[in-house]
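Here is what each chain is made of, one letter per residue.
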Amino acid sequence: MKNTIVIIFSLIFSIPYLSHAGYKKFQWLTDGSCYAYTLFDANSYIIAATEQGDYSVGGVKNRIVLIKTDLSFNIINSVSFEDTIRGVRDIKIHSICPGGNGFIMCGSIDNNAIIADVDQNFNFLAVYEYSNANVFYSICAYGVCGKDNNSGLMFYLDDQNLGNLDGYQTPTAWEFHKVTYVGSVNELAFAGVDENRNETGFAFFVFDNLNKILIPLCCYGFNNSSNPNSYACITADNHGSTEQCIVSTSYGSQINTFFIDDVLGNPILRGNPKFTHPQNYYFYLQDVVFSQQWNNGIFSWTGYCFDVSSGYTDAFYIRMDFDYNNLPNSPFYNVPFYNYYASPNTDYKLYQVEHYFGDISCVGYYNENNSTGVFTAFPEITSNCDNTTSSLGEDHSIADISLYGINLNSYSIGSDTNYILYSQPRTFNTDTCETIPDENPTNSQKSTTNIKTFDIDDAKIFVSGDELHIVNVKDVADYLILSADGKVLDKGKTGTFPISVSSFTPGFYTLVLKGEKTITSYKFVITHK
């Protein structure tokens, strides 16, 4: 039997390696944004990209798009799920994590909160809609949080039974933005703000996985206003014999962070570092993450700020190394590193930041002359950042705040209905972004000179018999061949010899050419006839 290999389409883009700050834009969606993504395994990410507009129905965003990529955000697989049963409505996905049959997500459809469950191969997606809640902002394997019209909501999550949620609500108008684990123990931490953004709060719970309930340990608030459209973000862990949490909010041109000890006993505020935007632009904090190491750990924020001079929004990423034992006088042993992503003609927003074995990346949204799409940022995280001059004004102090208890009421809601969103194959185009701005001009050690490149525009691939040929690459480049599920099947360097593909089974494959500054990805299919 003769093997026939047909090249069906190619995806071409340029990105920097992760050791250099930069960004990458994708026109994955029509009027699209990306609020959430999660680590899938050691080889790839899952990205939940939402707000896909269907202009046949007036631009209403009625699709959930899931995209599987490698660690450089090269697309491996993508599926669009259309709301065909419940009609045309706006869908948003705010958070995604491993769980259930593969992944669980939360967000909203119109003014109802939803939780969605999708298998690892994107074959089906089940949606649970809760008419008594407005939106869920954050989800993890055992917790989900958000708000209804009058209360902040925090629930235990049984990913095998999403029909009913049991948890707690605040009797006054709050909204909870983030849920996270407390170290390796069976505790959850939540953070949120009141509806007027005048108060910030955090709560700790024990989750009883046997009885499927949350047991409240404490719920505290303090007077500290944050900006509209800014989130209250939390990280928490066991440190020594007591639990600590770090709560961050943005307030005008500052990001305020509260290091709180012994949150389950007698809460003590140990430090309150603040960072001020150099041009006094307002911060809109969206996410915070840390590297699971309290001593000599990495702590990162992301979000966006409004550039009053240009009238556009600029995305930001801030990183510092801190030593919790040294609070409150000198919590940071390396000065904060500040990346911003700005253009005179483009709005950038970043919504989430992730750590991956020392690497950091962010996802969000861009709008360039009314052309919108998904925006991924690669902050510089090498040791070159350690001795840079700080881009942000710093203020380390003990805040003059008093913690007070927040009342909680037990609360339970059931799903309005469970239905399936049916998938439809989609085609995605990428937007080449060749110009990388100098995100941090104060970093004198950052350089993009003397980087070897190869010209991807003239590269050609063709198939002859059982061999894949790569020609017109002006310098030797690394190559990878990936299966449809992201596994590396073959790798090596380009040269005068072809690549044998005779042992490959029929199906879709991705060829990736990697230079020292650029990456090119081609999709092809193999059939046996």
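Residues numbered from 1 in each chain as written. Predicted model: local features only at pLDDT ≥ 70, side-chain atom pairs only at ≥ 80, totals over all residues. Heavy atoms only, no water.

Caption draft 1: Just the overall build of the protein chain, in detail. Counting its secondary structure elements, the protein chain contains zero helices and 42 strands. Among the 529 residues that make up the protein chain, the fraction classed as buried is 58%. Here the protein chain has roughly 20600 Å² of accessible surface; of this, 44% comes from carbon and sulfur atoms. (Helix = DSSP H or I, 4+ residues; strand = E, 2+ residues; numbered from the N terminus. Buried < 20%, exposed > 50% of the residue type's maximum accessible area, 1.4 Å probe, protein only. Areas by Shrake-Rupley, 256 points an atom, 1.4 Å probe, with all protein chains shown as cover.)

Caption draft 2: How the structure looks around the packing of aromatic side chains. Taken as a whole and assessed by the stated rule, the structure comprises 21 aromatic pairs. Aromatic side chains Tyr37 and Tyr45 sit 5.4 Å apart centroid to centroid with 70 degrees between the ring planes, which places their arrangement in the edge-to-face category. Tyr45 matches Tyr37 in its accessibility class, with the two residues each being buried. On the basis of an interplanar angle of 65 degrees and a centroid distance of 5.6 Å, the ring pair of Phe275 and Trp301 is categorised as edge-to-face. Here Phe275 is found in strand 23 (residues 274-276), whereas its partner Trp301 is found in strand 25 (residues 295-307), with 26 residues between them in sequence. Assigned by exposure class, Phe275 and Trp301 land together as buried. One aromatic cluster is present, built from ring pairs that chain together Tyr130, Phe136, Phe155 and Tyr411. Here Lys349 stacks its cationic end above the ring of Tyr304, 4.8 Å away from the centre of that ring. (Phe/Tyr/Trp six-rings, centres within 6.5 Å; stacked < 30°, edge-to-face > 60°. Lys NZ or Arg CZ within 6 Å of the ring centre and 35° of its normal.)

Caption draft 3: Main features of the pairing of strand 10 (residues 125-130). For strand 10, a buried count of six out of six residues is recorded, marking the element as mostly surrounded by other parts of the structure. As judged from the six bridges shared by strand 9 (residues 112-119) and strand 10, these two strands associate in the antiparallel manner. Paired with Ile115 across the bridge in strand 10 is Tyr128. Linkage of strand 9 to strand 10, two consecutive antiparallel strands, is achieved through a turn of five residues, within which Phe122 is found at a positive phi near 60 degrees. (Pairing = 2+ DSSP bridges.)

Caption draft 4: Broad picture of the sheet that holds strand 15 (residues 174-181). The sheet built from five strands is open, its strands ordered 15-16-17-18-32 with antiparallel pairing. Among the strands making up the open sheet, the edge pair consists of strand 15 and strand 32 (404-405).

Caption draft 5: Molecular detail of the environment of Ile413. Mapped onto the elements, Ile413 comes out in strand 33 (residues 409-414). Separated by 247 residues in sequence, Ile413 and Asp166 have C-alpha atoms that sit 6.8 Å apart. Not counting residues up to four positions away in its chain, the partners in contact with Ile413 are Tyr130, Asn132, Ala133, Phe136, Phe155, Gly163, Asn164 and Leu165. (Contact = heavy atoms within 4.5 Å.)

Caption draft 6: Representation of unusual backbone geometry. The residue Phe122 is not glycine, and still its phi comes out positive at about 60 degrees. By the element assignment, Phe122 lies in the loop between strand 9 and strand 10. For Arg197, which is not glycine, the phi dihedral falls at a positive 60 degrees. By relative accessible area, which is 10% here, Arg197 ends up buried.

Caption draft 7: Here's a closer look at the pattern of salt bridges. Evaluated as defined, the whole model comprises three salt bridges. Where Lys147 meets Glu175, a salt bridge forms, and the shortest distance between an N and an O atom there is 3.4 Å. Of this pair, Lys147 sits in strand 12 (residues 143-147) while Glu175 sits in strand 15, and the two are 28 residues apart along the sequence. In this structure Glu175 comes out as buried when scored by relative accessible area, which is 8%. One salt bridge connects Arg197 with Glu175, and the closest N-O pair in it is separated by 3.2 Å. One end of the pair, Arg197, is in the loop between strand 16 (187-194) and strand 17 (199-208); the other, Glu175, is in strand 15, and 22 residues separate them in sequence. Three or more residues joined by partner-sharing salt bridges are found here, namely Lys147, Glu175 and Arg197. (Salt bridge = Lys/Arg side-chain N within 4 Å of Asp/Glu carboxyl O.)

Caption draft 8: Local environment of the side chain of Asn112. With respect to the element layout, Asn112 can be found in strand 9. A polar contact of 2.6 Å, which involves the side chain of Asn112, links it to the side chain of Glu129. If sequence neighbours within four positions are ignored, Asn112 has contacts with Gly107, Glu129, Tyr130, Ser131, Ala133 and Asn134. (Polar contact = N/O pair within 3.5 Å; in protein donor to acceptor, adjacent residues only side chain to side chain.)

Caption draft 9: Representation of the sheet that holds strand 33 within the structure. Taken in spatial order, the five strands line up as 11-12-13-14-33 in an open sheet, and their pairing is antiparallel. Looking along the sheet, the strands with just one partner apiece sit at the ends: strand 11 (135-140) and strand 33. Looking at each pair of strands side by side, their axes are set apart by 25 degrees on average, direction ignored. Of the pairings in the sheet, the one linking strand 13 (residues 152-156) to strand 14 (residues 164-169) comprises four bridges and is antiparallel in character. Bridge pairing in strand 14 links Met154 to Tyr168. (Axes fitted to C-alpha atoms, helices over the stretch in contact; angles between N-to-C directions.)

Caption draft 10: How the structure looks around the nonpolar core. Membership of the largest hydrophobic core comes to 22 residues, with the highest contact counts inside it found for Leu66, Phe81, Met105 and Leu125. With sequence-adjacent residues up to four places away left out, Phe81 is seen in contact with Asn62, Arg63, Ile64, Leu66, Val118, Phe122, Phe124, Leu125, Leu421, Tyr422 and Ser423. Grouped together as the second largest cluster of nonpolar side chains are 20 residues, Tyr137, Cys233, Ile318 and Met320 included. (Core = buried A, V, L, I, M, F, W, Y, C linked by side-chain atoms within 4.5 Å.)

Caption draft 11: Representation of the side chain of Thr200 in the model. When you line up the elements, Thr200 lands in strand 17. Classification of Thr200 by relative accessible area gives buried; the value is 0%. Side-chain polar atoms of Thr200 contact the backbone oxygen of Asn224, separated by 3.1 Å. When near neighbours in sequence (up to four residues on either side) are disregarded, Thr200 contacts Trp174, Gly192, Val193, Tyr220, Gly221, Phe222, Asn224, Ala232, Val247 and Thr249.

Caption draft 12: The arrangement of the environment of Val182 in detail. Looking at the secondary structure, you find Val182 in the loop between strand 15 and strand 16. Placed 23 residues apart in sequence, Val182 and Phe205 show a C-alpha to C-alpha distance of 9.5 Å.

Caption draft 13: View of the confidence of the model for the protein chain. Here the protein chain shows a mean pLDDT of 75. Residues at 70 or above account for 69%. Throughout residues 1-20 the model reports pLDDT below 50, and contacts reaching past four residues in sequence, or to other chains, amount to 80 contacts. Per-residue pLDDT stays below 50 along residues 381-390; that stretch engages in 24 contacts with residues further than four places along the chain or on separate chains. (pLDDT = per-residue confidence, 0-100.)

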